[in-house]
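# Notes for the structure review
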Amino acid sequence: MICNDIRLLIDYSIKNGLIQPVDETVIRNQYMNVFGLTDWEICECDDKESDGISIDEILNRLVDYACEKGIIENTANNRDLFDTKLMGIVTPLPHEVCDRFQRIYNSVSPEAASDEYYSYNKKVNYVRAGRIAKDLKWKYKSEYGDLDITVNRSKPEKDPRDIKNAAQNKYSAYPKCQLCPENAGFSGTATHPARQNLRPIPVKIHGEPWQLQYSPYGYYNEHCILFNERHIPMKIDEAVFEKLFDFLEFLPHYFIGSNADLPIVGGSILSHEHFQGGRYTFPMETAPVESRFLMSEFPDVEAGRVKWPMSVIRLRDLNRTRLVKACSYVLDKWRSYTDEAVGIFAETEGVPHNTVTPIARLKGDIYECDLVLRNNLTTDDRPLGVFHPNPSLHHIKKENIGLIEVMGLAVLPSRLAVELKAVENALLEKRDLTKDPLTAAHSQWAEEILGRHPEFSRENAEDIIKYETGRVFEEVLCDSGVFKRSEQGQNAFDRFICTQLK
């Protein structure tokens, strides 16, 4: 059967244009070497099976065989390392992928080029579409629009054996991080994912070499990552806006944004400059401007305060150069701004706290940039951040609120896929939630749900739990806003605009 399964993978690769029929013998011999085979038993494949089987199922069969034969230990990390190794054998070389992208980009359109490149990434299983499909997703109707709620089930859970292996693994600084160009073709280790099927596209950004790839576990459609080839830290300054707009001119149908450059309010990798983008309309993009104002230094730039749970200033202009200057002006004013009345401090003991999360997009010929004002101040009673989800919400969301959440898409931990169902069942069966480790952290929240929903029943339980989870995420965003949605908070927001920008 192993020969049959290898044949399925070869057939899949030919049908999807990864290899050509003339390559079959060489590819087969490479797979025989991987599996330690000395004979090839030709089995007639069922054409219907070959047509209908997914790449995930083909790879699972092959990885199962490797585990049974002791080629690898059966852990989540080892399985991922091995199936990526298998796909790497049929992944075209970088020059082939880049040449095809550039040819389509020049002869058809940027949109056609990104369409083909994204499709290719799914075919080589770099974008793990089968796993992404397992994520739970729904909408929550809020006063700010429909927020996106996702429970991330695509990334495999940590296996205790993998954790042990990682601790025993000799440290290597190659690649320096998961965003460095050296990841392309890398075989992976106990502490670093395999990337034999990664083929980034080179892009010139702000006169420097950058690269474009997709996220293997994308949270939204065509979730891409744009990264500097140099391993340099994140920095939000005037040049960032030039870089964001450079990308928009390269792929005008995508949005592009940057995490903030300070801990707590920044992303998970602050050590390597990168942006995230894609083809998706986030809730924040459709949020209206609720108050317009005129910037004294830039009267031709459209400026307004966005109706959003976090504190967002939207700037728009046909003139790219002018908009860059205007964005930089707002950034500089915010960096040094303090308003003790609402707990905003630009710095404490010489440590800076203010920064922005910028998101850029093209609306026809108009450049648009949303500047989300951020502050990473901590206190003794709020060590994770003052402008961070309050402790009562940590049973749902405790992690940092980065670029994706800022725009209205909740990335919730995989544990909730089990815990929310356990809460639902416990409430229906009237069990004590404090007695079950799966529900204990949610017990107070569950009581509040019953108080708000006396109609709770088997017919509506799942919908109510989803609604209330979305409600928590709305609170998470409100907590993360520097100017609260209260009258005091909005007056303070206006005070910043009036004293610093008008």
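Here, every reference points to the structure presented above.
First things first, this report covers the structure right here in the doc.

Cut-offs used in this document
Residues numbered from 1 in each chain as written. Predicted model: local features only at pLDDT ≥ 70, side-chain atom pairs only at ≥ 80, totals over all residues. Heavy atoms only, no water. Helix = DSSP H or I, 4+ residues; strand = E, 2+ residues; numbered from the N terminus. Rg over C-alpha atoms; globule rule 2.2 N^0.38 Å. Buried < 20%, exposed > 50% of the residue type's maximum accessible area, 1.4 Å probe, protein only. Contact = heavy atoms within 4.5 Å. Areas by Shrake-Rupley, 256 points an atom, 1.4 Å probe, with all protein chains shown as cover. Lys, Arg positive; Asp, Glu negative; His and termini not counted. Charge placed at Lys NZ, Arg CZ, Asp CG, Glu CD. Salt bridge = Lys/Arg side-chain N within 4 Å of Asp/Glu carboxyl O. Core = buried A, V, L, I, M, F, W, Y, C linked by side-chain atoms within 4.5 Å. Patch = residues over 30% accessible without salt bridge, like charges linked within 9 Å, V, L, I, M, F, W, Y side chains within 5 Å. Axes fitted to C-alpha atoms, helices over the stretch in contact; angles between N-to-C directions. Parallel < 35°, antiparallel > 145°, perpendicular 65-115°, else oblique. Left-handed = near helix turned anticlockwise from the far one by under 90°. Nonpolar A, V, L, I, M, F, W, Y, C, P; charged D, E, K, R; others polar.

Moving on: the overall build of the chain. Along the chain, the regular secondary structure elements total 17 helices and 15 strands. For 502 residues, the compact-globule formula gives about 23 Å, and the C-alpha radius of gyration of the chain, at 25 Å, lands near that figure. Taken over the C-alpha atoms alone, the chain extends approximately 80 × 60 × 45 Å along its principal axes. Residues classed as buried in the chain amount to 54% of the 502 residues present. Counted over contacts in the chain with a minimum sequence separation of 6, partners at least 24 positions apart contribute 64%. If you sum the accessible surface of the chain, you get close to 22500 Å²; carbon and sulfur atoms cover 49% of it. When the 61 basic and 76 acidic side-chain charges of the chain are each reduced to a single mean position, those positions are 1 Å apart.

Here we come to the pattern of salt bridges. Where side chains of opposite charge bring their charged atoms close, a pairing between them can arise. One pass over the full model with this rule turns up 42 salt bridges. Of the charged contacts, one joins lysine 363 and glutamate 285 as a salt bridge, the two residues approaching to 2.5 Å between their closest N and O atoms. Here glutamate 285 lies in helix 11 (residues 283–286) and lysine 363 lies in strand 13 (residues 354–363), a separation of 78 residues in the sequence. Note that arginine 471 and glutamate 468 form a salt bridge whose closest N and O atoms lie 3.8 Å from each other. Here glutamate 468 and arginine 471 lie together in helix 16 (residues 461–480), a separation of 3 residues that amounts to about one turn.

Counting 96 residues, the largest nonpolar core has Leu9, Phe35, Phe247, Leu315 and Phe483 as its most contacted members. With residues up to four places along the chain from it excluded, the contact list for leucine 9 reads Tyr31, Ile55, Ile58, Leu59, Leu62, Leu86 and Met87. Grouped together as the second largest cluster of nonpolar side chains are 47 residues, Tyr140, Val411, Leu428 and Leu433 included.

What follows concerns a negative patch on the surface. Residues Asp432, Glu447, Glu448 and Glu475 make up a contiguous surface patch of negative charge. With respect to the helices and strands, aspartate 432 occurs in the loop between helix 14 (415–428) and helix 15 (443–452).

Further remarks concern the packing of helix 14 against helix 16. The interhelical angle for the contact between helix 14 and helix 16, taken along N-to-C directions, is 125°, at an axis separation of 10 Å. Here helix 14 lies oblique to helix 16, going by the angle between them. The two elements helix 14 and helix 16 meet at a crossing, and its hand is right-handed. Residue-level inspection shows Leu420, Lys421, Val423, Glu424, Leu427 and Leu428 of helix 14 in contact with helix 16, the latter providing Ala461, Glu462, Ile465 and Thr469. Taken together, the residues of the contact of helix 14 with helix 16 sort by class into 6 nonpolar, 1 polar and 3 charged.

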